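# Fold and geometry: a report
So you can see what is in the structure, the chains are spelled out below.
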Amino acid sequence: MNLRDLMYVIAVADHRNFTRAAEIVNVSQPALSNQIKKLEAELGLDIFKRGNRDVHLTEFGSEFLAAARQINGLVERIDDVAQQHRNVDTMPLRLGMTPTLAAYLSRYFRDMFAHLYPDMRVIIVEEYPAQLAYMVESKAIDVAFIARKSHTALYKASKKPMDFASLWLEPLYLGVRKGHFLSKHSSIWAHEVPADLLVRFDTSFGYDLEKDLPQPSTDVTELVGIDVRTARFETVCRHVAESDACTMINAIAAMQFRSDNFGLDFIPFNDEGNIRELGAITRPEYPRTAVIDAMRNHIQEAPPPGTVASQPKEGALKAAIKLPL
């Protein structure tokens, strides 16, 4: 038995699903299931009752979970105590960001921390929301920036969700190449987007209007000429700039693309769900709360280009949605 085994049990207990737990701890579902089975064989007792759609703790499993949480909490506490006694200003800060943010906010955050903590080294880590959440939980990174909608989906069944500090509000646009037949639209409704040209990602961007967008046609890969299952966000955007395909592009990326003369036009959505709330997620026991507070205060006064602070001044949000991109 080791700490990894305890972490696996806690993840399954929190999410009541082996597949979801495997995503959180960043291993394959068979690997996680096999490891827990080995642990149960070692103990001679079942920790979980496995059903077709749900997973429940056995009586022994409930007692085991309580002990596992206590042990894991003590280990985390030791590390947190050590951090409190270090010089915060000189400790590296690992920031996790999704592909729709990482490539476009790196300079923004480096400039921010050059002002707030000149001696602090900032390290950007790019991943998708589920992996970022696990990395925060396992202390591989200090903080992750994800949409509130993604945070809610990840932790809706969790007994120990990560803290969410709201930071900014960000509009969504439909990205098309310059000269595209949709470019003449000053705005567009989600249901008006052509399904045979829409490139969508499996991972949600965290916007409510995504549910109103048409599902891509079954042969969209052949029609638009790119397999979104294997392509990163910017790769898709570059493809869109040279084809008749279209895709969703968040405002932060759109502002950078415009600055870089990327060859894209950006059409605002009319739907009410065209805004996502971005925030910083941290462990509830995270010891460097002063850093999070300093970030939030800075963003409140100077949010990333194309966004407004999470508590916008009157009229600011409407203006952001209608940016002349």
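Before any of the text, the structure's been laid out above.
Residues numbered from 1 in each chain as written. Predicted model: local features only at pLDDT ≥ 70, side-chain atom pairs only at ≥ 80, totals over all residues. Heavy atoms only, no water.

### Regarding a nonpolar patch on the surface
Under the convention used in this document: Patch membership is restricted to residues that have no salt bridge and whose relative accessible area is over 30%. Joining uses 9 Å for like charges and 5 Å for the nonpolar side chains Val, Leu, Ile, Met, Phe, Trp and Tyr. Working definition of accessibility: Shrake-Rupley area with a 1.4 Å probe, residue cover restricted to the visible protein chains. Salt bridges are identified by distance alone: a Lys or Arg side-chain nitrogen within 4 Å of an Asp or Glu carboxyl oxygen. Secondary structure elements follow DSSP: runs of H or I no shorter than four residues count as helices, runs of E no shorter than two count as strands, and numbering proceeds from the N terminus.
Taken together, the side chains of Met1, Leu43 and Leu45 define a hydrophobic patch exposed on the protein surface, amounting to about 260 Å² of accessible area. Along the chain, Leu45 falls in the loop between α3 (29–43) and β1 (48–50).

### Some points on the packing of helix α2 (residues 18–25) against helix α6 (residues 129–137)
Stated precisely, the cut-off is as follows: Think of each axis as a best-fit line through the C-alpha atoms, taken over the contacting stretch in the case of a helix, with angles from 0 to 180 degrees between the N-to-C directions. Roughly parallel covers angles under 35 degrees, roughly antiparallel covers those over 145, roughly perpendicular covers 65 to 115, and oblique covers all other angles. Should any heavy atoms of two residues lie within 4.5 Å, those residues are considered in contact. Following the grouping adopted for this structure description, the nonpolar residues are Ala, Val, Leu, Ile, Met, Phe, Trp, Tyr, Cys and Pro, the charged ones are Asp, Glu, Lys and Arg, and the polar ones are all others, Gly among them.
It is the contact of α2 with α6, at a shortest axis distance of 7 Å, that shows an interaxial angle of 70°. In this view, α2 runs roughly perpendicular relative to α6, as classed from their interaxial angle. Here Arg20, Glu23, Ile24 and Val25 of α2 lie close against α6, whose contacting residues are Ala130, Gln131, Tyr134 and Glu137. When grouped by side-chain class, the residues that make up the contact of α2 with α6 number four nonpolar, one polar and three charged.

### Focus on the nonpolar core
Where we set the bar: Nonpolar cores are built from buried Ala, Val, Leu, Ile, Met, Phe, Trp, Tyr and Cys residues. Side-chain atoms within 4.5 Å join them into one set. Exposure categories follow from relative accessible area, calculated using a 1.4 Å probe and restricted to protein chains: below 20% of the type maximum is buried, above 50% is exposed, and the middle band is partly exposed.
Within the largest apolar cluster, 66 residues are counted, with the highest numbers of intra-cluster contacts made by Phe109, Phe113, Phe145, Trp168 and Phe257. What Phe257 contacts, discounting residues up to four positions off in sequence, is Tyr104, Phe233, Glu234, Cys237, Ile249, Phe262, Leu264 and Phe266. Formed by 36 residues, the second largest nonpolar core is a distinct cluster that contains Ala22, Phe64, Leu65 and Met162.

### Topic: helix α7 (residues 148–155)
The line we're drawing: Relevant arc is that of directions from the helix axis to the C-beta atoms, nothing else.
Taken together, the buried positions of α7 are occupied by Ser150, His151, Leu154 and Tyr155. End-on view of α7: buried residues confined to an arc of 110°, all on one side of the axis. Against the buried residues of α7 lie α1 (3–15), α2, α6, β5 (143–147), β6 (163–177) and β10 (275–282).

### A closer look at unusual backbone geometry
Notably, Lys139 is not glycine yet its phi reads approximately 70°, a positive angle. By secondary structure assignment, the location of Lys139 is in the loop between α6 and β5. Although it is not a glycine, Asn261 adopts a positive phi angle of roughly 50°. Its place among the elements puts Asn261 in the loop between α10 (251–259) and β9 (264–268).

### Structural notes on the pattern of salt bridges
The tally for this structure, following the rule as stated, stands at 15 salt bridges. Residue Asp14 is joined to Arg69 by a salt bridge in which the shortest nitrogen-to-oxygen separation is 2.4 Å. Placement of the pair is Asp14 in helix α1 and Arg69 in helix α4 (residues 59–84), with a sequence separation of 55 residues. Accessibility expressed as a relative area gives 8% for Asp14, which makes it buried. Here Glu285 ties to Arg283 by a salt bridge, and the two come within 3.9 Å at their closest N and O atoms. Taking the relative accessible area as the measure of exposure, Glu285 reaches 35% and is therefore partly exposed. Residue Arg283 is classed as buried on the basis of its relative accessible area, which comes to 5%.

### Some thoughts on the environment of Leu39
Take Leu39: it is sitting in helix α3. Along the sequence, Leu39 and Val9 sit 30 residues apart, while their C-alpha atoms lie 9.6 Å from each other. Leaving out residues up to four positions away in the same chain, Leu39 has contacts with Met1, Asp5, Val9, Ile47 and Phe64.

### Here we look at the pairing of β9
Look at any regular strand and the pattern is simple: side chains alternate between the two faces of the sheet. Filter applied, for reference: Two strands pair if DSSP finds at least two bridges between them.
Here β9 lies mainly inside the structure; five of its five residues are buried. Burial along β9 is two-sided: the residues Leu264, Phe266 and Pro268 and Asp265 and Ile267 are all buried. With five bridges joining them, β6 and β9 adopt antiparallel strand pairing. Looking across to β9, one finds that Gly175 is bridged to Phe266.

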